[in-house]
Amino acid sequence: MALQDQLVVGLTLGATYALIAIGFSLVFRSVGLLNFTHPEFMMMGAMVGLTVTSRYNLSPIFAILASGLASGLLALLVERTAIAPIMKRQGQRINQIIASLGWATVLTNAAMLIWGPQPMAYRHTFGGTVWKIGSVPVAAQHVFILSSSLVLMVALQLFFKYTRLGLAMRATADDSTMALLTGIETRHIVSATFFLSGSLAGMAGVLIGSLFYASFDLGQYGLRALSAAVIGGFGDPVGAVLGGFVLGVVETLSGTYVSSAYRDAMAFAIAILVLLVRPYGLVGRRRRTV
Amino acid sequence: MALLRRLIMLATALLVGAVLLLPFVTPDPYLTVFLSTTFIYAMLSLGLQLTFGAAGMIILCQAAFYGVGAYGGALVAARLHVPFPLTIAAGMVSATLAGLVMAPIMKLKEVYFAMATISFGAIVTVLLRQLPFTGGVNGLNVPAAELFGFSFRAAEQYYYLALVALVVQYLCFRRLLASPFGMCLNAIRQNESAARACGIPVAQLQIKATAWAVAAAGAAGALMAHFQGFIAPDMFTTSFSLWVLGMVVVGGLQSMGGALVGTLALALVREYSRGFKEYVQLVYGLLLVLFMVLLPRGLWGFVERIQQALFPRHAPHRYLKETPAGRPPAFAAGTPGEPLLQTEKVTCAFGGVVALNAVDMTVRRGEIHGLIGPNGAGKTTLLNALSGFNRPTRGLIAFKGRTVSRLPDYVRASAGINRTFQSPQLFPELSVLENGLLGYYPKMRHSFWSSVVDPGPVLAEATAHAVWALQFVGLEGLLEVQAGNLSYGQKKLLEIARVLANAPELLLLDEPAAGLTPAEVTAMGGVVRRIRALGVTVLIIEHNMPLMMELCDSMTVLHFGEVIADGTPAEIRAEPAVTAAYLGEEAAC
Amino acid sequence: MLKLDKVVVGYAAAPVLHAVSLEINRGEAVALIGANGAGKTTALRTITGLLKPRAGRVCLDDQDISGIHPPKGVQMGIAMVPEGRRIFPTMTVRENLLVGAYTGWQKRIVETRLRRVFEFLPRLFDLKDRMGGSLSGGEQQLLALGRALMSEPRVLLLDEPSMGLAPIMIKQIFERLAVLKQAGMTILMVEQNAAMALTVTDRGYVLENGVIVASGPSATLLHTPELKKAYLGG
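Residues numbered from 1 in each chain as written. Chains lettered and ligands numbered in written order. Predicted model: local features only at pLDDT ≥ 70, side-chain atom pairs only at ≥ 80, totals over all residues.

As a further point, take the overall build of chain B. The helix and strand tally for chain B stands at 23 helices and 14 strands. For chain B, the proportion of its 589 residues judged to be buried stands at 51%. Intrachain contacts of chain B at a sequence separation of at least 6 include 76% that bridge at least 24 residues. (Helix = DSSP H or I, 4+ residues; strand = E, 2+ residues; numbered from the N terminus. Buried ≥ 20, exposed ≤ 12 C-beta atoms within 10 Å, placed from the backbone. Contact = placed C-beta atoms within 7 Å.)

Here you go:
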């Protein structure tokens, strides 16, 4: 594959990583929690999207919205049952992390029970159409994924900048006690943040499912996306986007030029390197733990 | 009550007997296999109990060490045909080497560390699949364990091998946990700052704990490899790591017995859901969530309560039969009046804010030196710089003539510069006596023997000094009380007792009287005076002016990070700059 | 208007505030001064509802608001300028101000309030697109004040507004506070810098170790011996 083609693939992959990583970063910034259920929100999104497109024959846009809603609600469920009660008890962060791991296991198994253990392919709504941008051939599917991701990211930015809820979320993430003192109901904001992060992951799941396949063990792929969050900078959504694209491109290129066998390990190796050298990531900075 | 006790002891004896004789009396050979596997898993969870349960390190890649150990042992067995003790050793060594690779990650904090261990585990899984000599995805056949021509092939043989290994590890780790080493790990988990202030080398101990756990995991892996006769990379994934984590969580943290209980519980869950194999993970996941939300102390919490009720322990510690009499530690002597601590142009700047600006200060041996100034003047910043909790941007700090500005916090604590915190930093789950004990850490004579075989003598010495220190501050009646349950004033006294146990030369007190009732303030003043009488030099930050005027031999006044006055209390009170600093310009007139 | 009635706050065995009573009438500016550790910040936190009194009551217009859920307190008209400013560092000046108006969010109203705050604190208008975290201490203090004013409060609480600021900045802040007071704002100010606090306020209370040891008109309070004793000892 020529370099340009690889870059396109890498960027497409990176866009999906970025979407997953943003949600993860949001929750971390907001409540300081490593939410290990996050990759499963993505997986559930992929499965729901599959059902919507294959069983009900609806358009991919509809699938994205449906998955966003489904995963958002799942995230809310996890927050209400596992995260909030522990926080109320003033329990330790580690308990929340383990509880999120527990939920991840539950979701994985539930998906296997509902959809079966076999990986399933999305119906090819693009039929392998290839367009030409300049002299570079680009699959229509990749264009769809890239553009959807970009639309979502832009929408997210606008949300944070111009809506009351978005502003409240940023304030709560910066300083939750102060946010409380300006009249913001921080408990609701935390729930909303979880919903949003799950939603993003779910929507990313549809894109990823259409790119690869939908299966109950898709969460492993999501785990690599968490590395993107680390690389870009924990807790910084901009960093998550950057990290996602960097990871996507580096992974694709190293798959070809270094070794395809070790490609899967690339994400994690880079993550560890970044953690050691620049623990706050490429763009992250030290946050005061509130 | 006595009847109940005897019944329980009888039941325990029966249980032990059953475990020992099981392979010969059970009608179902499968039970032997099940228990052997459970014993090996227990080796993993015991190790995790040491690192995660005790030390609080969020390690999510124990499957990686287990796998490396399994492959190490398997490859040595397959290629070299050596007796099994050597293959087990090979497993331990390879796992420890893998652990060394992970060592640089140790310095990361909490969540970053957790992410790094997950990444590490994922990398190892890929390596196990891809490296040429591992047999790849299809796995590796492993020959049976051999010893002097005898081949271990029957399940019963592995049963006893695993049982012996487990028992040895259990006894060893139980002692480790109860030894000063184990206490330090617990302390690090509860309050890392306080641990550093006691002189505990946090990173070093974390690495040691990990080494123990990793070696055990490696041994377990090699043993399992022989037992099953076959290993494949998919046995050593992150889900397995999480499963082991679950054992420790469900069983109950910080107790080796809890790890065993948890292992058995989860192994049983897995077994009994054979009929509903698809639901096993679901149940397991829900269990994790439920335990974390509702029962964070795990199953062992119940056992412990029964144990406490029926077999109450009166000895201060498992390895000490009785509380030793209080004995003061050796306090250093020196010429009173000589400069003990000197700062030269110490400056601390954080991102544009200059907290301290060219501070010169001298503290003389044997005196109580006060450090005062309005809020935000930089007093705690200076104290942090002196104790090593902060690094000055410029300037020198000299202690007994030697420059110490580069030394980390725990080294300074060992060297005789000890501090308390504005808000008392204690180990809330440990008893008052244990808190005091840990203060003596730098002077304890550690050895492998004292950690693993007999912690008695080391503990006795430390306890004697702790008892003396607690008597000194008046807390001798509360030795068994959990530190978290003390009143605020008592917590402050406990912190002082803890640092006293180390016989410091320079004691840095950060607002010892803050938050105390007037009666407690007077008592605190008395304690500080008696500390001076021991020959200890004291630097004290306080806002309670009447107390300071009475107590201090000399004072330094900080304002906006700079020294604006230095001298005796009488001189300071008369100094208009000081009044102006506190009350504002007009009030000085 | 705002009253603390024999309020006791803190641990059972070691209360921080011992039966503290104070009163701020509508349109008054009152100072609460005392050495560090006296309990001043605790008093403010109790008023906003972050702390719940063990005994006694906090009343706003004779309505008991002890231990109120803080956002509700904001809705009732209590705004806080906290110790250390605590502006939101990743948000711009304008966004910080907008958050201040969170409870009364209707586009036209918010824009009007924003304009008014910019008029009152013109420096903020110049800085409106700068990141909160990049401002100097004094600028942050102005921002914190502006943010509190965006909720159109009835009572303004200030916690050590002069701390860590250069003298010229302190003068600026206090000058603006004086203007606010002239316009009729009810102010409770906690300060360590007694002189500055007593120049802008009508009355003052002196807090020492959780107990009110002196109170009275600001002008006379400054030269009472109790004041010096509370700070520097007898």
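So, on to the overall build of chain C. The secondary structure content of chain C amounts to 10 helices and 10 strands. Its C-alpha atoms give chain C a radius of gyration of 17 Å, within 12% of the compact-globule value 17 Å for 234 residues. With respect to the three principal axes, the spread of C-alpha positions in chain C is 50 × 35 × 30 Å. For chain C, the proportion of its 234 residues judged to be buried stands at 53%. A separation threshold of at least 6 residues defines the contact pool for chain C, and within that pool the share at least 24 residues apart is 66%. (Rg over C-alpha atoms; globule rule 2.2 N^0.38 Å.)

Our next topic: the pairing of strand β14 (residues 562–567) of chain B. Residues and elements named next belong to chain B. Here five bridges tie strand β13 (residues 554–559) to β14, and the two strands are oriented antiparallel to one another. Each bridged residue has a counterpart across the sheet, and for T556 the counterpart in β14 is D566. Hairpin connection, β13 to β14: the antiparallel pair is bridged by two residues, and F560 has positive phi, about 50°. (Pairing = 2+ DSSP bridges.)

We now examine the interface of chain C and chain A. With 21 residues of chain C at the contact, the number on the chain A side is 14 residues. Residues of the side of chain C that touches chain A, tallied by class, amount to 12 nonpolar, six polar and three charged. (Nonpolar A, V, L, I, M, F, W, Y, C, P; charged D, E, K, R; others polar.)

Quick look at the sheet that holds strand β9 (residues 203–208) of chain C now. Residue and element names in this part refer to chain C. The mixed open sheet is built from six strands, whose spatial order is β6-β7-β8-β3-β9-β10. With partners counted over all chains shown, the strands left at the sheet margins are β6 (78–81) and β10 (211–217), one partner each. When the angles between neighbouring strand axes are averaged without regard to direction, this sheet yields 15°. Sheet topology places strand β3 (residues 29–33) next to strand β8 (residues 186–191); five bridges connect them, and they run parallel. When the bridges of β8 are listed, A31 appears paired with M189. Of the strands in this sheet, β6 and β7 (155–159) are in contact with helix α6 (residues 137–149), which crosses β6 at around 170°. (Axes fitted to C-alpha atoms, helices over the stretch in contact; angles between N-to-C directions.)

At the interface, 36 residues of chain A touch 31 residues of chain B. Breaking the side of chain A that touches chain B down by element, the ones donating at least two residues are α3 (60–88), α4 (93–115), α9 (219–232) and α11 (263–277) of chain A. By residue number, the principal contributor to the side of chain A that touches chain B is α4(A), which donates 15 residues. When grouped by side-chain class, the residues that make up the side of chain A that touches chain B number 27 nonpolar, eight polar and one charged.

We now examine the domain arrangement of chain B. All names here are of chain B. What the domain assignment lists for chain B is domain 1 (32–240) and domain 2 (339–588). Its C-alpha centre places domain 1 at a distance of 42 Å from the equivalent point of domain 2. The interface of domain 1 with domain 2 comprises 22 residues on the first partner and 29 residues on the second. Among the secondary structure elements, those contributing two or more residues to the side of domain 1 that touches domain 2 are α6 (155–178), α7 (180–190) and α8 (192–197). With seven residues, the single largest contributor to the side of domain 1 that touches domain 2 is α7. Residues that form the side of domain 1 that touches domain 2 fall into these classes: 14 nonpolar, six polar and two charged. (Domains from an automatic or database assignment.)

Residues and elements named next belong to chain C. Pairing in this open sheet of four strands is antiparallel, and the strands run β2-β1-β4-β5 from one edge to the other. The two strands at the open ends of the sheet, each matched to only one other strand, are β2 (15–24) and β5 (63–64). Note: strand β1 (residues 2–10) against strand β4 (residues 55–60), five bridges, orientation antiparallel. In the strand pairing of β4, L4 is matched with V58.

This part is about the environment of G10(C). All names here are of chain C. As for its position among the elements, G10 is in strand β1. Its 19 C-beta neighbours within 10 Å are what place G10 among the partly exposed residues. In the structure, G10 is positioned 61 residues away from P71 in sequence and 22 Å away in space, judged by C-alpha atoms. What G10 contacts, discounting residues up to four positions off in sequence, is P15, V16 and L17.

Grouped burial of nonpolar side chains is what soluble globular proteins tend to show. Core analysis: the biggest nonpolar cluster contains 364 residues, and A21(A), A497(B) and L157(C) have the highest contact counts within it. Both domain 1 (32–240) and domain 2 (339–588) of chain B contribute no fewer than three residues apiece to this core. Contact partners of A497(B), with chain neighbours within four places excluded, come to G436(B), A469(B), L470(B), F472(B), V473(B) and L475(B). (Core = buried A, V, L, I, M, F, W, Y, C linked by C-beta atoms within 7 Å.)

Turning to helix α7 (residues 167–182) of chain C, a few remarks are in order. Residues and elements named next belong to chain C. Look at α7: 23 Å from first C-alpha to last across 16 residues, which is about the 22 Å you get at 1.5 Å a residue. Contacts from the buried residues of α7 go to α6, β8 and α8 (194–200). The positive-phi residue at the C-terminal boundary of α7 is G184, with phi of around 105°. (Expected span 1.5 Å × (residues − 1).)

A few words on the packing of helix α1 (residues 3–31) of chain A against helix α5 (residues 140–162) of chain A. All names here are of chain A. At their nearest, the axes of α1 and α5 sit 9 Å apart, and the two run at 35° to each other. Remark: the crossing between α1 and α5 carries left-handed chirality. Contacts between α1 and α5 involve V8, L11, T12, A15, T16, A18, L19 and I22 on the former and, on the latter, H142, I145, L146, S149, L152 and L156. Here the residues of the contact of α1 with α5 are counted per class, giving 10 nonpolar, four polar and no charged. (Left-handed = near helix turned anticlockwise from the far one by under 90°.)

The next thing to look at is the environment of M524(B). All names here are of chain B. In this fold, M524 is placed in helix α20 (residues 518–533). Sequence separation between M524 and L430 is 94 residues, and the spatial gap between their C-alpha atoms is 23 Å. If near-sequence neighbours (up to four positions away) are discounted, M524 is found in contact with P512, A513 and L516.

On to the packing of helix α2 (residues 38–55) of chain A against α3(A). A packed helix pair is summarised by two numbers, namely the angle formed by the two axes and the spacing between the axes. Residue and element names in this part refer to chain A. For the pair α2 and α3, the least separation of the axes is 8 Å and the interaxial angle reads 140°. Relative to α3, the element α2 lies oblique. In this structure, α2 meets α3 at a crossing whose hand is right-handed. Within the contact between the two elements, α2 uses F41, M44, G45, V48, G49, V52 and T53 and α3 uses P60, F62, A63, I64, A66, S67, A70, S71, L74 and A75. Taken together, the residues that form the contact of α2 with α3 break down as 12 nonpolar, five polar and no charged. (Parallel < 35°, antiparallel > 145°, perpendicular 65-115°, else oblique.)

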